[in-house]
Amino acid sequence: MNAELMQALADLEKEKGIKKDYMLDRIAQALAAAYKAIYKKDTQSAALDNVFVQIDPDTGAIAMHAVKTVTADVQNPATEISPEEAAQYAPLAVEGDEVRIEIDTSKFGRIATQTAKQVIIQGIREAERGMIADEFASKEHEILTGVVTRIDPRYGSVILELGSGHDKTEALLPAAEQVKNEVIHEGDRLKVYLVEVRRGVKGPQMVISRTHPGLVKRLFELEVPEIHDGTVLVHSIAREAGSRTKIAVSSTDENVDPIGACVGPRGSRVASIVNELQGEKIDIIKYSDDPVQFVAEALSPADVLLVTPMADGKSCSVVVPDDQLSLAIGKEGQNARLAAKLTGWKIDIKPQSQALEQALDNAAQVAQEE
């Protein structure tokens, strides 16, 4: 039986990748659990820590024993033994001594055997879940492609099947992480961003998203070789999923135009990303270490006449031509909002006429004070 056990463990390691040492440890736990199951009705002690199991990793030979205390008044047969019975194992044992007793596992009953089986099965499941969690943990902040297996009509959540073979698992894409107005059907293949892998009692939980800015960054890395090799750097991304994204890029090579590299020949690269994002508009902005220049670029496609940083170092006043005001602010303030997210600056936009009027008022006030 030991030879068959070792062969089964070797096959399990080969087929599912579950290490033999891990399963030997689980089998030892299973045998201890089986022993405890025998005495469960006879003792109120839930934890029996007097049972020891050793399994030879080469031969599979199992040695199991329990340590019991010799006492004339046996209250707990799982941990105590009478002097008469103890004499069979240690003839010189007296009351208060501890006696080591060999346990014959072949005499385990059906309930004990079933308990051991459940422990082993649970061990295999936990090992598989752990392997899946480890596999996907290495892919955090990456793009994964999943197949839609079902859609919850009540909450709008989408269940995707990720991975393949032994690493296959399911992930939930909540309605809040889906792109607004994006229509998804069962059987569709979706690219999702793996935000995090959470380990739980019921197995690993994949936190995935279609709205995360990281999805846009990874799509650009896939489509633009210059980003992948580090020639073009992505500094920040501001996104309102399903509507518009702004991405700030720069180049480490003066001969490479970062915006042109991201757009691609005839716009092919950015068009591929827009298509994947179901028509989401993408503004590619040239990054600058100068916050004045960066803010001006971030408000593209509007023209900016003047950027004046405020004393707090976190906000600025921007002047644009009167006919560019609505363009700078954007529909429902979206352009200004995304520019603020992209740069990290609070932006106050004023039309040229208002700025000029305010400047004249300020000048007049200074003249009066003099």
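Remember, predicted model here, so these are calculated numbers, not experimental data.

Attention now moves to the pattern of salt bridges. Any two side chains of opposite charge can pair, given that their charged atoms come close. Counted under the stated rule, the structure contains 12 salt bridges. With a closest N to O distance of 2.6 Å, Glu 240 and Arg 337 form a salt bridge. Residue Glu 240 is located in strand β10 (residues 232–240), and its partner Arg 337 is located in helix α11 (residues 334–343); the two are separated by 97 residues in the primary sequence. By relative accessible area, which is 17% here, Glu 240 ends up buried. With its nearest N and O atoms 2.7 Å apart, the salt bridge here joins Asp 283 to Arg 244. Taken together, the positions of Asp 283 in strand β12 (residues 281–286) and Arg 244 in strand β11 (residues 244–251) put the pair 39 residues apart, joining distant regions of the chain. Here Asp 283 and Arg 244 have matching classes, each one buried. Here the salt bridges share partners, and the residues they tie into one network are Glu 142, Arg 218 and Glu 221.

This part covers the sheet that holds strand β14 (residues 315–320). If you trace the three strands from one edge of the open sheet to the other, you get β13-β14-β15, paired in mixed fashion. Strands at the two margins of the open sheet, each flanked by one partner only, are β13 (306–309) and β15 (346–351). Geometrically, the sheet is characterised by an average inter-axis angle of 20 degrees between neighbouring strands, direction not taken into account. Judged from the six bridges that link them, β14 and β15 form a sheet pairing that is parallel. Residue pairing for β15: Ser 317 is matched across the bridge by Asp 348. Helix α9 (residues 291–298) rests against β13, β14 and β15 of the sheet, and its axis sits at about 130 degrees to β13.

This paragraph deals with the sheet that holds β12. Across the sheet, three strands lie side by side as β10-β11-β12; this open sheet has mixed pairing. Every other strand in the sheet has two partners, leaving β10 and β12 as the edge strands with one partner each. Taken over all neighbouring pairs, the strand axes of this sheet differ in orientation by 20 degrees on average, direction set aside. Relative to β12, β11 runs parallel, the two sharing six bridges. The residue bridging Ala 248 from the neighbouring strand is Ile 285, located in β12. Strands in contact with helix α5 (residues 213–223) are β10, β11 and β12; relative to β10, the strand with the most contacts, it is inclined by about 140 degrees. Along the sheet face, α9 touches β10, β11 and β12 and points at about 155 degrees away from the line of β12.

Attention now goes to unusual backbone geometry. Going from Ser 300 to Pro 301, the amide bond is cis rather than trans, its omega being 15 degrees. Mapped onto the secondary structure, Pro 301 falls in the loop between α9 and β13. Despite not being glycine, His 141 has its phi angle at roughly 70 degrees, a positive value. Within the secondary structure, His 141 sits in the loop between α4 (110–137) and β5 (143–151). Owing to a relative accessible area of 37%, His 141 belongs among the partly exposed residues under this scheme. For Arg 266, which is not glycine, the phi dihedral falls at a positive 55 degrees. Here Arg 266 shows up in the loop between α7 (258–263) and α8 (268–276). When its relative accessible area of 91% is taken as the criterion, Arg 266 is described as exposed.

On to the packing of aromatic side chains. Per the counting criterion, the structure on display carries one aromatic pair. With a centroid separation of 4.9 Å and an interplanar angle of 70 degrees, the aromatic rings of Tyr 287 and Phe 294 are classed as edge-to-face. For Phe 294, a relative accessible area of 6% translates into the label buried.

Moving on, we get to the side chain of Asn 335. Position of Asn 335 among the secondary structure elements: in helix α11. A polar side-chain atom of Asn 335 sits 2.9 Å from the main-chain carbonyl oxygen of Ala 328. Among all residues touching Asn 335, those that are not within four sequence positions of it are Arg 244, Lys 246, Asp 283, Leu 299, Ser 300, Pro 301, Leu 327, Ala 328, Ile 329 and Gly 330.

Calculation criteria
Residues numbered from 1 in each chain as written. Predicted model: local features only at pLDDT ≥ 70, side-chain atom pairs only at ≥ 80, totals over all residues. Heavy atoms only, no water. Salt bridge = Lys/Arg side-chain N within 4 Å of Asp/Glu carboxyl O. Helix = DSSP H or I, 4+ residues; strand = E, 2+ residues; numbered from the N terminus. Buried < 20%, exposed > 50% of the residue type's maximum accessible area, 1.4 Å probe, protein only. Pairing = 2+ DSSP bridges. Axes fitted to C-alpha atoms, helices over the stretch in contact; angles between N-to-C directions. Contact = heavy atoms within 4.5 Å. Phe/Tyr/Trp six-rings, centres within 6.5 Å; stacked < 30°, edge-to-face > 60°. Polar contact = N/O pair within 3.5 Å; in protein donor to acceptor, adjacent residues only side chain to side chain.

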